[in-house]
Amino acid sequence: MSTKHEQILRHIEELAVGEKISVRQIARALTVSEGTAYRAIKEAENNKLVNTIERVGTVRIEKKKKENIERLTFAEVVNIVDGSVLGGSGGLHKTLTKFLIGAMQLDDIRRYIDAGSLLIVGNRQKAHQLAISEGAAVLVTGGFDTTDEVKELANSLDLPVITTSYDSFTVATMLNRAISDQMIEKDILLVEDIQHPLSNTSTLFIQETVGQFNELSRKTSHSAFPVIEKNGKVVGMVTSKDVVGKQESEPLGKVMTASPITATGKMSVASAGHIMVWEGIDLLPVVTETGLLDGVISRQDVLKAFQLAQRQPQQGQTIDDIVKNQMHSDTENPQNVIFEVVPQMTNQLGSLSYGALTTLLAETGNRAIKLYKRGESVPENLSVYFMRHVQLGSKVTVEPQILHMSRRVVKMDISLYSEGEMIGKALVTYQLLER
């Protein structure tokens with residue numbers, strides 16, 4: 001049986017896109033406390049099912065597919081530019097296809113504007129009216145207002161007219177940054193992208209026995225299963241190691257690992273991989289916010305995801321991407337890395353930042369491990385010793401040396417040189433992510 005919290009989330013998902021909701025309205029409709037309604041609405045907002053806008057309220061918006069995450073809804077635009085809605089609030093849930101700055105004659109604006117786009121313009125009322133008439137929304141910069149006629153037209157067509165105190169250049173920069181951030185977010189692999197769904201997951205109930213585990217293991221060729229209650233809540237994990245030497249009639253509740261480590265769908269694959277390495281787990285249950293089983297991921301799934309991610313082009317650049325783009329293998333000694341310090345990697349003093357240096361060291365070690373032993377690794381411990389600061393524009397040679405390699409752990413000494421002088425040294429320990 002589902003909880004009140006889950007019932008509210010389902011109710012919100014079933015609402016029409018564009019419909020306004022409130023804590024009091026949800027509480028009355030589903031006969032729950034306002035506190036319960038508030039918490040569920042906040043989770044819906046985190047899941048991008050609704051958006052709360054000042055002086056408008058909370059609006060049910062369309063949940064964007066991951067492949068289209070680089071598009072913004074008009075409701076998100078309002079929040080990004082700290083704006084307020086002058087008219088057309090019924091269309092805040094809609095997604096804009098593109099935006100353009102209206103620094104041109106009206107006839108030229110008509111040529112460039114399309115339905116679903118956003119016109120960024122100052123106090124040019126005729127341009128406002130033209131955009132709305134052509135099916136586009138309007139973002140008025142400089143804190144200016146628009147005419148009552150434009151507001152009435154926007155309300156009738158459900159096309160938002162938004163005003164912000166920022167100038168047009170600043171607004172365009174803010175929107176570009178928001179789209180870039182979402183494109184980076186799109187590139188991050190989440191557990192929900194690779195998990196085996198619940199329909200394909202073999203499970204056992206806590207009331208079942210070791211004999212039933214053995215039967216399911218023979219049938220599926222799997223050696224580990226989540227243990228659940230009748231309502232689907234995960235209460236344990238049972239593996240072939242747990243049942244060795246146990247009687248067939250032994251209840252699983254007595255042999256399983258209770259309160260197992262779990263993942264959620266929104267957890268990154270990297271985080272899940274780290275957990276599996278550090279805890280020695282081969283199968284990780286994926287649960288909902290309320291602890292109900294939603295699927296599983298295996299260590300092999302994580303490995304495949306890591307390998308796939310490395311072959312995919314990045315749409316947006318993170319600091320790690322910038323650092324990796326500056327790393328090149330030494331032609332004479334392939335395990336060594338040659339690196340140039342660019343402005344994005346420096347601190348306020350113009351020296352290589354500690355964050356960029358950490359990425360450089362960790363990635364150099366990963367490359368060296370792959371040359372010796374094909375596979376993925378996770379940095380576990382990093383000790384850095386600085387001799388002197390690395391200035392902007394410096395070329396650095398990074399020399400890794402494997403001190404010890406076992407089946408699961410690699411210890412590595414990494415030296416950094418610039419202009420023939422040692423500038424730093426690090427000792428890094430890696431955990432190997434094996435199948």
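None of the values given here were measured: they were computed from a predicted structure.

1. Some words on the pairing of strand β15 (residues 283-287)
- β15 sits mainly inside the fold: 5 of its 5 residues count as buried.
- Neither face of β15 is open: one carries Leu283, Pro285 and Val287, the other Leu284 and Val286, and all of them are buried.
- Relative to β15, strand β14 (residues 263-264) is paired through 2 bridges, and the arrangement is parallel. Note that in β15 the partner of threonine 264 across the bridge is valine 287.
- Where β15 meets strand β16 (residues 293-298), 5 bridges bridge the pair, whose relative direction is antiparallel. Paired with leucine 284 across the two strands is isoleucine 297, which belongs to β16.
- Between the antiparallel neighbours β15 and β16 lie 5 residues, among them glycine 291 with a positive phi of about 85°.

2. A look at the UniProt feature "domain: CBS" (unreviewed entry) in the protein chain
- The sites that UniProt annotates as "domain: CBS" (unreviewed entry) are residues 197-255 and 256-314.
- In this annotation, residues 197-255 is assigned 32% helix and 24% strand; the end-to-end C-alpha distance for the span is 26 Å.

3. A word on the sheet that holds β16
- Read from one edge to the other, the open sheet built from 4 strands follows the order β9-β16-β15-β14, with strand pairing classed as mixed. This sheet does not close on itself; its edge strands, each paired only once, are β9 (196-197) and β14.

4. A short note on the packing of helix α6 (residues 125-133) against helix α7 (residues 148-157)
- In the contact formed by α6 and α7, the axes pass within 10 Å of each other and the chain directions differ by 15°. Compared by their axis directions, α6 and α7 come out roughly parallel. The two elements α6 and α7 cross, and the hand of that crossing is left-handed. Packed against α6, whose contacting residues are Gln125, His128, Gln129, Ile132 and Ser133, the element α7 presents Glu149, Val150, Leu153, Ala154 and Leu157 at the interface.
- Residues belonging to the contact of α6 with α7 are distributed by class as follows: 5 nonpolar, 4 polar and 1 charged.

Thresholds, definitions, all that
Residues numbered from 1 in each chain as written. Predicted model: local features only at pLDDT ≥ 70, side-chain atom pairs only at ≥ 80, totals over all residues. Heavy atoms only, no water. Buried < 20%, exposed > 50% of the residue type's maximum accessible area, 1.4 Å probe, protein only. Helix = DSSP H or I, 4+ residues; strand = E, 2+ residues; numbered from the N terminus. Pairing = 2+ DSSP bridges. UniProt positions renumbered as here; feature names shortened; annotations may be inferred. Axes fitted to C-alpha atoms, helices over the stretch in contact; angles between N-to-C directions. Parallel < 35°, antiparallel > 145°, perpendicular 65-115°, else oblique. Left-handed = near helix turned anticlockwise from the far one by under 90°. Contact = heavy atoms within 4.5 Å. Nonpolar A, V, L, I, M, F, W, Y, C, P; charged D, E, K, R; others polar.

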